[in-house]
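The primary structure of each chain is shown beneath.
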Amino acid sequence: MMVLVLIVAGLVVVALLMVLFAPYIRKYSAGGTCMSMARLDGKTVLITGANTGIGKETALDLAIRGARVIMACRDVEKGEEAAASIRRVYSKANVEVRELDLADTSSIRAFAQRLLREVDHLHILINNAGVMMCPYVKTNDGFEMQLGVNHLGHFLLTYLLIGLLKRSAPARIVVVSSLAHNVGWIRFHDLLSQGSYNSGLAYCQSKLANLLFARELARRLKGSSVTVNSVHPGLVRSELVRHSTILSLLFSLFSLFLKSPRDGAQTSIYCAVAEELHSLTGKHFRQILLNFISCPGGWSQMIPQVKKPDVEGLGWHGYLWSSD
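Residues numbered from 1 in each chain as written. Predicted model: local features only at pLDDT ≥ 70, side-chain atom pairs only at ≥ 80, totals over all residues. Heavy atoms only, no water.

S.K.: Summarise the side chain of Asn210; cite the residues concerned and give the values.
M.R.: Take Asn210: it is sitting in helix α7 (residues 199–220). Overall, the relative accessible area of 2% leaves Asn210 in the buried class. (Helix = DSSP H or I, 4+ residues; strand = E, 2+ residues; numbered from the N terminus. Buried < 20%, exposed > 50% of the residue type's maximum accessible area, 1.4 Å probe, protein only.)

Quick look at the structure:
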């Protein structure tokens, strides 16, 4: 009985301390804030997954800076609701919603074709959309969903728009990765998880692929005035963990230690607008700070050597991370 009383008393003390120090905990967990006052008047920005979470907050910030923001969303209705909420905050916001399903290459191609017809310049591309730890399901083209949406879909979108970005230079590409890349590896023997599937490992693989793609694309675009950097937004309270009951529970219990979507968007915003980054490329940022990473398993040395598995029917380049 005494042990139970002590346990309850301990929990009460911990709860009281958390309430007492809540403002300081939130300030610490929020991380850095983008202090750049850069304006984006006359600039065009494309953000995938901009209807919720850090994508929506990024869209709001860049719209306030004067940019024309194209919100690429799978669910157009939710996208319009997000755009309306942005206009309520900033009535002059120039935001528009366009349908883009990153799980369907025909949708990606249709989106890119329309954009190329109707948009003369694209100055900032933020590959933000993502799915996390979903049950095993395939995209319309037969890819494992997390690799298909988080990486392959964005790869194709970027590939189709790279000419427009070059013509609009100076331009920037921001790739939203994750700290999860540290425990990821590219399973070339079973890239699409057809032999076995672990939702957590599949997510980590897709985030490592994001980072590797950003590094290699930066190398290929060197000298073009188009920069490419990847970011880790931090642990953010968002819908991303909805497929994991355990993570949803943990995020609820420890929400005090998580970033708000606005705080989580700061690193993406920083890489998109900061004047001091105008020529910096091929880097990874975390908490707005340049994060010198060591890719697991010697990936930094393997990038120039690894061939991309053949993906029939997509018309993409034959190599994903290889040398020219």
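The rest of the description comes next.
S.K.: Which residues make up helix α6 (residues 145–167), and what are the values?
M.R.: Look at α6: 32 Å from first C-alpha to last across 23 residues, which is about the 33 Å you get at 1.5 Å a residue. Leu161 marks where α6 bends most, by close to 50 degrees. For α6, the buried fraction is high: 18 of the 23 residues fall into the buried class. For α6, the capping residue at the N-terminal end is Glu144, with a side-chain oxygen 2.8 Å from the backbone nitrogen of Gln146. (Expected span 1.5 Å × (residues − 1). Bend = angle between axes of the 7 residues up to and from the residue. Polar contact = N/O pair within 3.5 Å; in protein donor to acceptor, adjacent residues only side chain to side chain.)

S.K.: Provide a residue-level description of the state of the cysteines, including the pertinent values.
M.R.: Under the definition given, this model contains zero disulfides. Of the cysteine sulfurs around Cys34, a residue in no disulfide, the closest is that of Cys271, at 9.0 Å. (Disulfide = S-S within 2.5 Å.)

S.K.: Can you explain the side chain of Thr48? Please cite residues and give values.
M.R.: For Thr48, the position within the fold is in strand β1 (residues 44–48). A polar atom in the side chain of Thr48 sits 2.9 Å from the backbone nitrogen of Ala129. The residues touching Thr48, leaving out its near neighbours within four places in the chain, are Ala72, Leu100, Leu102, Ile126, Asn127, Asn128, Ala129, His154 and Leu157. (Contact = heavy atoms within 4.5 Å.)

S.K.: Describe in detail the pattern of salt bridges, supporting the description with residues and values.
M.R.: The final tally for this structure, using the stated rule, is nine salt bridges. One salt bridge connects Glu96 with Arg98, and the closest N-O pair in it is separated by 3.0 Å. Where Glu118 meets Arg98, a salt bridge forms, and the shortest distance between an N and an O atom there is 3.1 Å. Placement of Glu118 in helix α5 (residues 105–118) and of Arg98 in strand β3 (residues 94–99) is noted, with a sequence separation of 20 residues between them. Residue Glu118 is classed as partly exposed on the basis of its relative accessible area of 40%. Note on Arg98: relative accessible area 5%, which makes it buried. Bridged by salt links that share partners, the residues Arg68, Glu96, Arg98, Arg114 and Glu118 form one connected network. (Salt bridge = Lys/Arg side-chain N within 4 Å of Asp/Glu carboxyl O.)

S.K.: Give a detailed account of unusual backbone geometry, specifying residues and quantitative values.
M.R.: The omega angle of the peptide bond from Ala169 to Pro170 is 5 degrees, so this bond is cis rather than trans. Summarising the element assignment, Pro170 is placed in the loop between α6 and β5 (171–176). Even without being glycine, Met133 reaches a positive phi, approximately 55 degrees. Position of Met133 among the secondary structure elements: in the loop between β4 (124–127) and α6. Phi is positive for Ser193, which is not a glycine, with a value near 55 degrees. Along the chain, Ser193 falls in the loop between β5 and α7. Residue Ser193 is classed as buried on the basis of its relative accessible area of 5%.

S.K.: Go over the nonpolar core with me, naming the residues and quoting the values.
M.R.: Counting residues in hydrophobic clusters, the biggest one holds 37 residues, and the most contacted among them are Leu62, Val69 and Met71. Leaving out residues up to four positions away in the same chain, Leu62 has contacts with Leu40, Val45, Ile47, Ala67, Val69, Ile126, Ile269 and Val273. Residues Ile70, Leu100, Leu217 and Val226 belong to the second largest nonpolar core, which totals 35 residues. (Core = buried A, V, L, I, M, F, W, Y, C linked by side-chain atoms within 4.5 Å.)

S.K.: Give me the sheet that holds strand β7 (residues 284–286): which residues, what numbers.
M.R.: Read from one edge of the open sheet, eight strands run β3-β2-β1-β4-β5-β6-β7-β8, paired in mixed fashion. Each having just a single partner strand, β3 and β8 (289–290) make up the two edges of the open sheet. Pairing of β1 with β4 involves three bridges; the strand directions are parallel. Across the sheet, residue Val45 finds its bridge partner in β4, namely Ile124. This element, helix α3 (residues 53–64), spans β1, β2 (68–73), β3, β4 and β5 of the sheet and lies at about 170 degrees to β1. Along the sheet, helix α4 (residues 76–89) contacts β2 and β3; its crossing angle with β3, the most-contacted strand, is approximately 175 degrees. (Pairing = 2+ DSSP bridges. Axes fitted to C-alpha atoms, helices over the stretch in contact; angles between N-to-C directions.)

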